[in-house]
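Chain by chain, the residues:
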Amino acid sequence: MGTSLTPEFWRLFAVLLVISMAVTFVLSAALDALVLRAQRRRIRRRPTATRTTEASRRPVRPLVRH
């Protein structure tokens, strides 16, 4: 029992494809912005040298940027 793909099917398929692409684009942009914000906050919150814990005695490696 074969079914034919009607023009209505193709219209709906195209609409759903465009919607899914738009949602993917928006979500990836939002997640990229959140990750970038978190990285910048982490850089600003470097530990101060006032505490003498074992973590602060270790030398701090420089941040490598690509």
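Each remark here, short or long, concerns the structure printed above.
All of these numbers come straight from a predicted model, not from anything done at the bench.

What counts, and at which threshold
- Residues numbered from 1 in each chain as written.
- Predicted model: local features only at pLDDT ≥ 70, side-chain atom pairs only at ≥ 80, totals over all residues.
- Heavy atoms only, no water.
- Patch = residues over 30% accessible without salt bridge, like charges linked within 9 Å, V, L, I, M, F, W, Y side chains within 5 Å.
- Areas by Shrake-Rupley, 256 points an atom, 1.4 Å probe, with all protein chains shown as cover.
- Salt bridge = Lys/Arg side-chain N within 4 Å of Asp/Glu carboxyl O.
- Helix = DSSP H or I, 4+ residues; strand = E, 2+ residues; numbered from the N terminus.
- Buried < 20%, exposed > 50% of the residue type's maximum accessible area, 1.4 Å probe, protein only.
- Lys, Arg positive; Asp, Glu negative; His and termini not counted.
- Charge placed at Lys NZ, Arg CZ, Asp CG, Glu CD.

Undergrad: Pulling in residues and values, what's your account of a nonpolar patch on the surface?
TA: Together, Leu 5, Phe 9, Trp 10, Phe 13, Leu 17 and Met 21 make up an exposed nonpolar region whose accessible area comes to about 620 Å². Structurally, Trp 10 is set in helix α1 (residues 7-44). A relative accessible area of 44% places Trp 10 in the partly exposed class.

Undergrad: With reference to specific residues and values, describe a positive patch on the surface.
TA: Residues Arg 37, Arg 40, Arg 41, Arg 44 and Arg 45 make up a contiguous surface patch of positive charge. Along the polypeptide, Arg 41 turns up in helix α1. Assessed through its relative accessible area of 47%, Arg 41 is described here as partly exposed.

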